[in-house]
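# Commentary on secondary and tertiary structure
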Amino acid sequence: MSCSAGDPNFCPECGNVLPLPGISNTVQCPRCTFSIPVTDFSGLEVCSAVVFNPEQRSLVALKGDDGSELKGPVIDRRCARCNKDGMIYHTRQMRSADEGQTVFFTCINCRYQEKEDS
């Protein structure tokens, strides 16, 4: 069974990312029993890129009618009220330390607020 045949960066059996070739003669998938000879990687070039979100879209400061200001990172979350993408979030530890934190979301369009307990 082959999940991702054709891309040498991924295991063709389980789809896991393969480690970079090292000093051994084979590359072993850390998830399953698949192994491939290092010679199959000769001549391949490894390229990577880092893409940053534009600064004006990744951090927003909104002024409210009452003069309050909301600051925070913007995420791709759809507002339940206006159905538009883009919400600011912040987190707080509302319960005891062994419980998850509470995440507060505010829509950047209509300022609707939601919370999510984790």
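Here is what the cut-offs are and how they apply
Residues numbered from 1 in each chain as written. Predicted model: local features only at pLDDT ≥ 70, side-chain atom pairs only at ≥ 80, totals over all residues. Heavy atoms only, no water. UniProt positions renumbered as here; feature names shortened; annotations may be inferred. Helix = DSSP H or I, 4+ residues; strand = E, 2+ residues; numbered from the N terminus. Contact = heavy atoms within 4.5 Å. Core = buried A, V, L, I, M, F, W, Y, C linked by side-chain atoms within 4.5 Å. Buried < 20%, exposed > 50% of the residue type's maximum accessible area, 1.4 Å probe, protein only. Phe/Tyr/Trp six-rings, centres within 6.5 Å; stacked < 30°, edge-to-face > 60°. Lys NZ or Arg CZ within 6 Å of the ring centre and 35° of its normal. Salt bridge = Lys/Arg side-chain N within 4 Å of Asp/Glu carboxyl O. Polar contact = N/O pair within 3.5 Å; in protein donor to acceptor, adjacent residues only side chain to side chain. Pairing = 2+ DSSP bridges.

Let us now look at the UniProt feature "zinc finger region: C4-type" (unreviewed entry) in the protein. Sites flagged by UniProt as "zinc finger region: C4-type" (unreviewed entry) map to residues 11-32. Annotated as residues 11-32, this span is 0% helix and 14% strand, and its ends, taken at the C-alpha atoms, are 9 Å apart.

Another aspect to go through is the environment of Phe105. Here Phe105 shows up in strand β6 (residues 102-107). As for Phe105 and Gly72, which are separated by 33 residues in sequence, their C-alpha atoms are 9.8 Å apart. In contact with Phe105, other than residues within four places in its own chain, are Ile75, Arg77, Met87, Ile88, Tyr89, Tyr112, Gln113, Glu114 and Glu116.

Nonpolar side chains in soluble globular proteins generally cluster together in the buried interior. Of all hydrophobic cores here, the largest spans seven residues; its members are Cys11, Leu18, Val27, Cys29, Phe34, Ile36 and Phe41. The contacts of Phe34, once residues within four sequence positions are left out, are Cys11, Pro12, Glu13, Val27, Gln28 and Cys29. Counting residues in each nonpolar core, the second largest holds five residues, with Met87, Val103, Phe105 and Cys107 among its members.

With that settled, consider the side chain of Thr106. With respect to the secondary-structure elements, Thr106 resides in strand β6. In this structure Thr106 touches Leu70, Met87, Ile88, Arg111, Tyr112 and Gln113, once residues within four positions along its chain are discounted.

Moving on, we come to the packing of aromatic side chains. Applying the stated criterion to the full structure yields zero aromatic pairs. The residue whose ring lies beneath Arg77 is Phe105, and the NZ or CZ to ring-centre distance is 3.8 Å.

This part covers the pattern of salt bridges. Considering all chains together, one arrives at four salt bridges under this definition. Note that Glu116 is salt-bridged to Arg77, the shortest N-O span being 3.2 Å. Taken as a pair, Glu116 in strand β7 (residues 113-117) and Arg77 in strand β4 (residues 69-78) lie far apart in primary sequence, 39 residues in all. Here Glu99 ties to Arg95 by a salt bridge, and the two come within 3.8 Å at their closest N and O atoms. On the basis of relative accessibility, which here comes to 33%, the residue Arg95 falls in the partly exposed class. One salt-bridge network, held together by shared partners, links Arg77, Glu114 and Glu116.

Tracing the sequence through the fold places Glu114 in strand β7. Judged by relative accessible area, Glu114 falls into the buried class, the value being 15%. At 3.4 Å, the side chain of Glu114 and the backbone nitrogen of Ala80 are in polar contact. Leaving out residues up to four positions away in the same chain, Glu114 has contacts with Arg77, Cys79, Ala80, Met87, Val103, Phe104 and Phe105.

Along any regular strand the residues' side chains alternate between the sheet's two faces. Relative to β7, β6 runs antiparallel, the two being bridged by five bridges. Bridging from a neighbouring strand, Thr102 pairs with Asp117 of β7. In this antiparallel pair of consecutive strands, β6 and β7, the connection spans five residues, and Arg111 shows a positive phi of 65°.

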